[in-house]
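# Coordinate inspection notes
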Amino acid sequence: MNSQNNYPAQITTIERHILDEQRHHPEATGVLTQLLYDIALAGKVIASKTTRAGLAEILGRTDEINIQGEEVQKLDHLADLTIYRLNDHTGRLAALASEEHEGILAIPEQYPTGKYVMLYDPLDGSANIDYNIPVGTIFSIFHRITESGPGTMEDMLQPGRNLVASGYISYGSSTMLVYTTGEGVHGFTLDPTVGEFLLSHPHIKIPDNPRYFSANTGYVTYWSEGVRRYTDYVQGVDGSIMGLSLRYVGSLVADFHRNLLSGGVFYYAVDSRDSNKDSGKLRLLYEAAPLAFIAEQAGGYASDGTQSIMDIIPVSLHQRTPLFIGNRPLVEKAEELISKFG
Ligand code: AHM
């Protein structure tokens, strides 16, 4: 087909793209390919719910409190269940862990276990659901460490450096899936008319000239001296750079995605009012590490203010971390100011 017939030269579905990537790895068994495809399917199912979120049957809360002490929104619940149910029986996973549950989610006994584990945040930024603001799913995939049987905590508590794949699905004005398996970052947009994710953003690289900084500057008085100075820096207060524009949605996937495409930095620092005194709000395994892998693959960098997020060895499933993520020089500047001023 050619463009004279009004057909695009090539339409690449996510399935085709993942299969093409697999062909670069003759040793691959196809399990990861299938797993990524299962996640894309979950994304489609969740997208079909989020676009109906304003409808009374779905909108609202379940009256449950999750282990982070937050109200569980109905959509969180649906997203959580959708991802688990689409992956519990495939024989590809040894176990799952969700931001919504305290412990590991086991594979039911009647199903086989597989060689990967997956951790996921089913609907990040869910406080925004009631306001029709984009939310997202974030996922991380590791090889299991244990040999066989049900996956254990040892399989889950791995540093970002061990990630085999990570990605997110953004439910915004359109639904996008962005992922990496360590061979660059690729973005797909869901064509709702055909129900397929189509390759729309191949080989994403963070532009060298950043445009935005994203942080909840309402907390500035509760930040450390170093983070306050950094906030002056990104705004160009000391004149050393052209000030960046502030854009903050308060939905990590949306904020990260914008900065990935436009260049910039997102940060969520420790707040002196916080009971988690040295950690901030965001979760290492469900939010920071998977996005750090994508940032690195797109030429960027992620840090907790002192070290690469990718190198942190988790000690618990729901561990929190400060996060600075985006263009490498901008993130390194944060590290410099934090090491000088705290
Ligand atoms: P959640 O896990 O309850 O959805 O919270 C995570 C969200 C992120 O998406 C976002 O970056 C951050 O919380 C916003 O927090 P704040 O309202 O403190 O700025």
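Residues numbered from 1 in each chain as written. Predicted model: local features only at pLDDT ≥ 70, side-chain atom pairs only at ≥ 80, totals over all residues. Heavy atoms only, no water.

### Quick look at the domain arrangement of the protein chain
- Here the protein chain is described as being made up of domain 1 (14-201) and domain 2 (212-341).
- Computed from C-alpha coordinates alone, the two centres of domain 1 and domain 2 are separated by 23 Å.
- Each partner contributes to the interface: domain 1 provides 48 residues, whereas domain 2 provides 33 residues.
- A combined buried area of about 2900 Å² lies between domain 1 and domain 2, and 64% of that area is made up of carbon and sulfur atoms.
- Ranking the residues of domain 1 by area buried against domain 2 places L157, R161 and Y168 at the top, with a combined share of 22%.
- Run the count over domain 1 and domain 2 and you get 3 salt bridges.
- Note that D311 is salt-bridged to R161, the shortest N-O span being 2.9 Å.
- Joining domain 1 to domain 2, the criterion identifies 15 residue pairs in polar contact (both at pLDDT 80 or more).
- Elements with a contribution of two residues or more to the side of domain 1 that touches domain 2: β3 (93-98), β5 (116-124), β6 (135-143), α4 (153-156), β7 (165-171) and β8 (175-180).
- Taken together, the residues that form the side of domain 1 that touches domain 2 break down as 23 nonpolar, 18 polar and 7 charged. (Domains from an automatic or database assignment. Contact = heavy atoms within 4.5 Å. Buried area = accessible area lost by both parts, 1.4 Å probe. Salt bridge = Lys/Arg side-chain N within 4 Å of Asp/Glu carboxyl O. Polar contact = N/O pair within 3.5 Å; in protein donor to acceptor, adjacent residues only side chain to side chain. Helix = DSSP H or I, 4+ residues; strand = E, 2+ residues; numbered from the N terminus. Nonpolar A, V, L, I, M, F, W, Y, C, P; charged D, E, K, R; others polar.)

### Comments concerning the packing of helix α2 (residues 31-50) against helix α3 (residues 74-87)
- Across the interface, α2 lies against α3 with an axial gap of 9 Å and an inter-helix angle of 155 degrees. Between α2 and α3, the interaxial angle falls into the category roughly antiparallel. Both α2 and α3 take part in a crossing whose hand is right-handed. Within the contact between the two elements, α2 uses L35, D38, L41, A42, V45, I46, K49 and T50 and α3 uses L75, L78, A79, T82, I83, L86 and N87. (Axes fitted to C-alpha atoms, helices over the stretch in contact; angles between N-to-C directions. Parallel < 35°, antiparallel > 145°, perpendicular 65-115°, else oblique. Left-handed = near helix turned anticlockwise from the far one by under 90°.)

### Points about the layout of surface pockets
- In this structure, the second largest pocket occupies an estimated 350 Å³ of space.
- Forming the boundary of the second largest pocket are 19 residues, of which H25, E27, A28, L32 and Y116 lie nearest the centre.
- Mapped by element, the contributors of at least two residues to the lining of the second largest pocket are α1 (14-23) and α2.
- Considering every element that reaches the lining of the second largest pocket, the biggest residue donor is α2, with 4 residues.
- Its residues placed into classes, the lining of the second largest pocket shows 8 nonpolar, 7 polar and 4 charged. (1 Å grid on protein atoms, 1.4 Å probe; cavity = no way out; pocket = protein on both sides within 12 Å on 5 of 7 lines; lining within 4 Å. Points joined across faces, edges and corners; volume = space filled by probe spheres on them.)

### Side note on the pairing of strand β13 (residues 264-268)
- Extensive coverage of β13 is indicated by the burial of 5 of its 5 residues.
- The side-chain alternation of β13 yields two buried faces, one formed by G264, F266 and Y268 and the other by V265 and Y267.
- Relative to β13, strand β11 (residues 212-214) is paired through 3 bridges, and the arrangement is parallel. Note on β13: the bridge partner recorded for F213 is V265.
- Across 4 bridges, the pairing between β13 and strand β15 (residues 323-326) is antiparallel. The residue bridging V265 from the neighbouring strand is G326, located in β15. (Buried < 20%, exposed > 50% of the residue type's maximum accessible area, 1.4 Å probe, protein only. Pairing = 2+ DSSP bridges.)

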